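Structure at a glance
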There are 2 protein chains.
Amino acid sequence: MNTEEALVTSAINAWKGAIERADKLFSPLSEDQLQKEVAPGKNRLVYLWGHLTAVHDRMLPLLYLGERLHPEYDDLFLTNPDKSRPNLPPAGEIKKSWDAVNNKLLSGFGGVSAGDWLQKHASVSEEEFAKDPSRNRFAILLSRTSHIAFHLGQTALIPK
Amino acid sequence: MNTEEALVTSAINAWKGAIERADKLFSPLSEDQLQKEVAPGKNRLVYLWGHLTAVHDRMLPLLYLGERLHPEYDDLFLTNPDKSRPNLPPAGEIKKSWDAVNNKLLSGFGGVSAGDWLQKHASVSEEEFAKDPSRNRFAILLSRTSHIAFHLGQTALIPK
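Treat the numbers as computed from the prediction; the structure is a model and nothing was measured. (Residues numbered from 1 in each chain as written. Chains lettered and ligands numbered in written order. Predicted model: local features only at pLDDT ≥ 70, side-chain atom pairs only at ≥ 80, totals over all residues. Heavy atoms only, no water.)

Its identity as a non-glycine residue notwithstanding, Lys83(A) has a phi of 70°, on the positive side. Secondary-structure assignment places Lys83(A) in the loop between helix H4 (73–77) and helix H5 (91–109). The class of Lys83(A) is partly exposed, set by a relative accessible area of 43%. Unlike most non-glycine residues, Tyr64(B) shows phi in positive territory, near 60°. Within the fold, Tyr64(B) resides in the loop between helix H3 (45–62) and helix H4 (73–77). Residue Tyr64(B) is classed as partly exposed on the basis of its relative accessible area, which comes to 42%. (Helix = DSSP H or I, 4+ residues; strand = E, 2+ residues; numbered from the N terminus. Buried < 20%, exposed > 50% of the residue type's maximum accessible area, 1.4 Å probe, protein only.)

Have a look at this one:
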């Protein structure tokens, strides 16, 4: 493996580690446990799990890795705050979506060369990208890894 | 800039962005505001600020970037929980330490080549590193960037 491939591998490993920590946290929870808020009046665990799934689902087209699998999650977990939608999917269904989205992403990551990670992502125009090449796919991978950590930090506040 | 340099630059940019977000959050706070807990009974902002400073200070020797500047922060903000030490440094002093540590790190980052980012960090032995080359300096940079996000996520829960 050359230097550029090893750098990309490190970043994908960091992503995988974050996904595994989130999976270990959310997947074993019962419907009741998923109703817990991270702090009084704040987001419930079920919302954060669906929110991460929605944000990751949006990474598929953003990184040119294919069509979204669950665009319907945006309304439930992203564009509206928690508790604004009365009927959320059951835990087993969120788990399936979470796994499917993350598996599709990870398998897609494997086909992106180091040079392609530095290409523009889908939400930036050619013009803007020419001015600011830091708006590349690698930056998305890094920022979404931190996004998982951002919410895991919140879940760590729930009393055991 | 070649591919490997651009990948490193992306990761350093992600780090800088996280530092800037944390700085914007903590630096303007008064002593009173720094006493706020992120959730009832949880860490105070002053503790998290010192904690991030201590963790970043430890990155200096870990990444072979020089001696630590504030080893005394470990006792106050890392090896002991919040509220176990009655006298914490005043905000102005934490701000100075925070800036000094992050400036020394950032300036050190500039002198690390892409290949050197993939070398072992100081807490892994040559033997362990030969078995698992993923325990490199780049992985530390990525994980410490996520560590900032982890705690920023908690601070985001404080009512405005």
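This part covers H3(B). Residue and element names in this part refer to chain B. End to end, H3 covers 26 Å across 18 residues, agreeing with the expected 26 Å (1.5 Å per residue, within 8%). Within H3, 16 of the 18 residues are buried, which leaves the element mostly enclosed by the surrounding structure. At the exit of H3 stands Tyr64, carrying a positive phi of roughly 60°. (Expected span 1.5 Å × (residues − 1).)

Right, let's talk about the nonpolar core for a bit. If you look at the biggest cluster of nonpolar residues, it comprises 94 residues, and the most contacted ones within it are Phe109(A), Trp117(A), Phe109(B) and Trp117(B). Here Trp117(A) is in contact with Val8(A), Ile12(A), Leu63(A), Phe109(A), Val112(A), Asn136(A), Arg137(A), Phe138(A), Leu141(A) and Leu7(B), once residues within four sequence places are set aside. (Core = buried A, V, L, I, M, F, W, Y, C linked by side-chain atoms within 4.5 Å. Contact = heavy atoms within 4.5 Å.)

Next up on the list: the relation of the copies chain A and chain B. Superposing the two chain copies requires a rotation about an axis and a translation along that axis. Each copy superposes on the other: chain A lies on chain B with an RMSD of 0.0 Å after a rotation of 180° and an axial shift of 0.0 Å. In short, the pair behaves as if placed about a two-fold rotation axis. (Least-squares fit on C-alpha atoms with pLDDT ≥ 70 in both.)

Turning to H5(A), a few remarks are in order. Residue and element names in this part refer to chain A. Here H5 is 19 residues long and its end C-alpha atoms lie 27 Å apart, about the 27 Å a rise of 1.5 Å per residue gives. Residues of H5 that are buried: Ala91, Ile94, Ser97, Trp98, Val101, Asn102, Leu105, Gly108 and Phe109. Projection of H5 onto a plane perpendicular to its axis shows the buried side chains occupying an angular sector of 135°, all on one side. Across from the buried face of H5, at angles greater than 90 degrees, the exposed residues are Lys96, Asn103 and Ser107. Check the buried side of H5 and you find it contacts helix H1 (3–26), helix H2 (31–34), helix H3 (45–62), H4, helix H6 (114–117) and helix H8 (137–155). (Arc of directions from axis to C-beta.)

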